[in-house]
Amino acid sequence: MAAPMHRARVSSWKLFSRQYRKKSTKIIHPSEDVRSVKENELPMDPAILNRMKDGEIKARKNPGIMRLKTVVVPIRLEKAVDLLVKKYGTQSIISDSRKLNTSLITRQMPMERTGVMERKNIIRQKILEKDKNKHGSISSDKETDYMNELERRVEVELKLKHLSHWKSKQYDAKSGMKYMVARMAQNYAVLLQVLNEIWTRDPTYIPKSLYNYGSGLGSVIWAAQNNPDWQRDISQYYCVDPSVDINTIARLLLQDGHEEKDMHVNGVFFKKFQPSPSTNSFSTVVSAYTLIECENKEARQKMVQSLWDMTEDYLVLVEIGTFVGHRLIQEAKEFILNVRYYTL
Ligand SMILES: C[S@@+](CC[C@H](N)C(=O)[O-])C[C@H]1O[C@@H](n2cnc3c(N)ncnc32)[C@H](O)[C@@H]1O
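Residue indices follow the written sequence of each chain, beginning from 1 at its first position. In keeping with the predicted nature of the model, local features appear solely for residues at pLDDT of at least 70, side-chain atom pairs appear and are counted solely at 80 or more, and the whole-chain, interface and lining totals rest on all residues.

- According to UniProt, the comment filed for the chain under the heading Subcellular location (unreviewed entry) is "Mitochondrion". UniProt positions are given in the numbering used here, feature names are shortened, and annotations may be inferred rather than shown by experiment.

This is the structure we're talking about:
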């Protein structure tokens, strides 16, 4: 289980968004005592700072800025999406995909078991008080029936008001098509941004294999193709997604939307189940928008642990750019840092 020292981690693009930077990042002058540097503060490279002071480079164009300008979806991908929509799309696909996108970006984290018990106690207490004010005390011969009814009402309220916010998304052919229209371009742009950070920070790094967990429409394959070295040298894209229909759509996209064509990227494998972490490893491991699909913290940690165990060089975790997504990434980051601490 020991993790090699050189493994690195690139977090969600959210971590690099302007809002996050504003809130949590402070530039430290090199002359400041390094012991005063807090967790979210970044010591500035003295050479860059001097060049900025001399007016040689502008602060807004410093080499630490890696944000890509407008990302354009590859024309090949655009055409494949159009063709699939024409062949298999419904009339309401645009409005349905908008609704799906809204539901995805407003998703809440699943409630933990301890949270459920606490919430139940609060609801129970509220109902008891309300009933007492309305009907007075319950006579002892009616107590058992009342308690059973009370538990039923607690369950109903819990389900309606608190548990209904999170559901695992199961994609079939129809919802997979909606997901493609709603998210393909966005997922591609985000993945390209994240990979671009690896390409900028570690320009000589070329993975031999890429593992994609919760691979969905395979947006990371399309993003990786933008780097000629990665395009040439990655010999295996091992994609795992429990939805057979989503795997089919991802494959069709790589076949230009035609069932009879070959995929234009070699070495792509779509699987339903993940390989054993004890006997498999991959240069780069990517999982985008999948932590939110796990039913609780334990399942998320199990997932992160197995991805980390299979990672040789880089583990990339991406979640939606909301507070929920940020919390999921922070939780995974803390978990990995603890795993590293205890296993090195
Ligand atoms: C939001 S999509 C991810 C899209 C994909 N990463 C992309 O960039 O196109 C989430 C995917 O996770 C899959 N999924 C759901 N539950 C999962 C689980 N427990 N483990 C792995 N994948 C899961 C779904 O089938 C779905 O395709």
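That covers the picture; the talk isn't over yet.
**A few points about the overall build of the chain**
- Put simply, DSSP H or I for four residues or longer makes a helix, DSSP E for two residues or longer makes a strand, and each gets a number counted from the N terminus. If you tally the helices and strands in the chain, you get twelve helices and eight strands.
- For the chain, buried positions account for 27% of its 344 residues.
- Residues are defined as contacting one another if the C-beta atoms placed from their backbone atoms lie within 7 Å. Long-range pairs, those at least 24 residues apart, make up 80% of the contacts in the chain with a sequence separation of at least 6. Partly exposed residues are those falling between the two cut-offs: more than 12 but fewer than 20 other C-beta atoms within 10 Å of their own, whereas 20 or more means buried and 12 or fewer means exposed, with C-beta atoms placed from the backbone.

**Side note on the site of the ligand**
- Neighbouring residues of the ligand: 18 residues in total, closest G214, G216, S243, Y289 and E293.
- Side-chain classes follow a simple rule in which Ala, Val, Leu, Ile, Met, Phe, Trp, Tyr, Cys and Pro form the nonpolar group, Asp, Glu, Lys and Arg form the charged group, and the remainder, Gly included, forms the polar group. Its residues assigned to classes, the shell around the ligand shows eight nonpolar, eight polar and two charged. We call a residue near a molecule or strand when the C-beta position, derived from backbone atoms, sits within 6 Å of it.

**Some words on the confidence of the model for the chain**
- Averaged over every residue, the pLDDT of the chain is 85; the share at 70 or more is 85%.
- The pLDDT score gives, residue by residue, the confidence of the prediction method on a 0 to 100 scale. Predicted confidence for residues 1-25 stays below pLDDT 50, and this span has 48 contacts to residues more than four positions away or in other chains.

**Details of the pairing of strand 5 (residues 236-240)**
- Note that strand 4 (residues 209-213) and strand 5 share five bridges and pair parallel. Directly across from L210, in strand 5, lies its bridge partner Y237.
- Strand pairing requires that DSSP identify at least two bridges connecting the strands. One ladder, built from four bridges, connects strand 5 with strand 6 (residues 268-271); its direction is parallel. Pairing of V240 across the sheet is with K271, part of strand 6.
- By definition, the crossover connecting two strands over a helix is right-handed if that path, from the first strand to the second, turns clockwise as seen with the strands pointing away from the viewer. Handedness of the strand 5-helix 10 (residues 244-254)-strand 6 crossover: right-handed.

**Here we look at the pairing of strand 4**
- One ladder, built from three bridges, connects strand 4 with strand 7 (residues 282-288); its direction is parallel. When the sheet's bridge partners are listed, L210 is paired in strand 7 with T284.

**A closer look at the environment of A59**
- Here A59 is to be found in the loop between helix 2 (46-53) and helix 3 (75-88).
- Between the C-alpha atom of A59 and that of I48, which follows or precedes it by eleven residues, the distance is 9.4 Å.

**Topic: the nonpolar core**
- Ranked by internal contacts, the top residues of the largest apolar core, which has 60 residues, are L191 and I249.
- Sort the elements by how many residues they give to this core and helix 7 (residues 173-201) lands first, with twelve residues.
- In this structure I249 touches L84, G176, M177, M180 and L217, once residues within four positions along its chain are discounted. Put simply, a nonpolar core is buried Ala, Val, Leu, Ile, Met, Phe, Trp, Tyr and Cys residues tied into one set by C-beta atoms within 7 Å.

**A look at unusual backbone geometry**
- Phi at D256 is positive, roughly 55°, even though this residue is not glycine.
- Looking at where D256 falls in the secondary structure, it is placed in the loop between helix 10 and strand 6.
- The exposure class assigned to D256 is partly exposed, which follows from the 16 C-beta atoms found within 10 Å.

**As for the packing of helix 3 against helix 7**
- The axes used here are C-alpha line fits, helices contributing only the stretch in contact, and every angle between their N-to-C directions lies in the interval 0 to 180 degrees. With their axes 11 Å apart at the nearest point, helix 3 and helix 7 run at an angle of 150° to one another. In this view, helix 3 runs roughly antiparallel relative to helix 7, as classed from their interaxial angle. Relative to helix 7, helix 3 is oriented so that their crossing is left-handed. Touching V81, L84, V85 and Y88 of helix 3 are M177, M180, V181 and M184, all from helix 7. Should an angle lie under 35 degrees it is considered roughly parallel, over 145 roughly antiparallel, and from 65 to 115 roughly perpendicular; all remaining angles are considered oblique. Helix crossings are classified by the rotation of the near helix relative to the far one: an anticlockwise turn of less than a right angle makes the crossing left-handed, while a clockwise turn makes it right-handed.

**Observations regarding the environment of T102**
- If you trace the backbone, T102 turns up in helix 4 (residues 93-105).
- Considering only alpha carbons, one finds T102 and A182, 80 residues apart in sequence, at a separation of 9.3 Å.

**Describing the packing of helix 4 against helix 7**
- Between helix 4 and helix 7, whose axes approach to 8 Å, the crossing angle comes to 70°. By the angle class used here, helix 4 and helix 7 are roughly perpendicular. Each of I93, I94, D96, S97, L100 and N101 in helix 4 lies in contact with helix 7, whose residues at this interface are M177, K178, Y179, V181, A182 and R183.
- Class assignment for the residues of the contact of helix 4 with helix 7 results in seven nonpolar, two polar and three charged.

**Topic: the environment of P74**
- For P74, the position within the fold is in the loop between helix 2 and helix 3.
- We classify P74 as partly exposed; it has 13 C-beta atoms within 10 Å.
- Residues P74 and W222 lie 148 residues apart in sequence; the distance between their C-alpha atoms is 8.3 Å.

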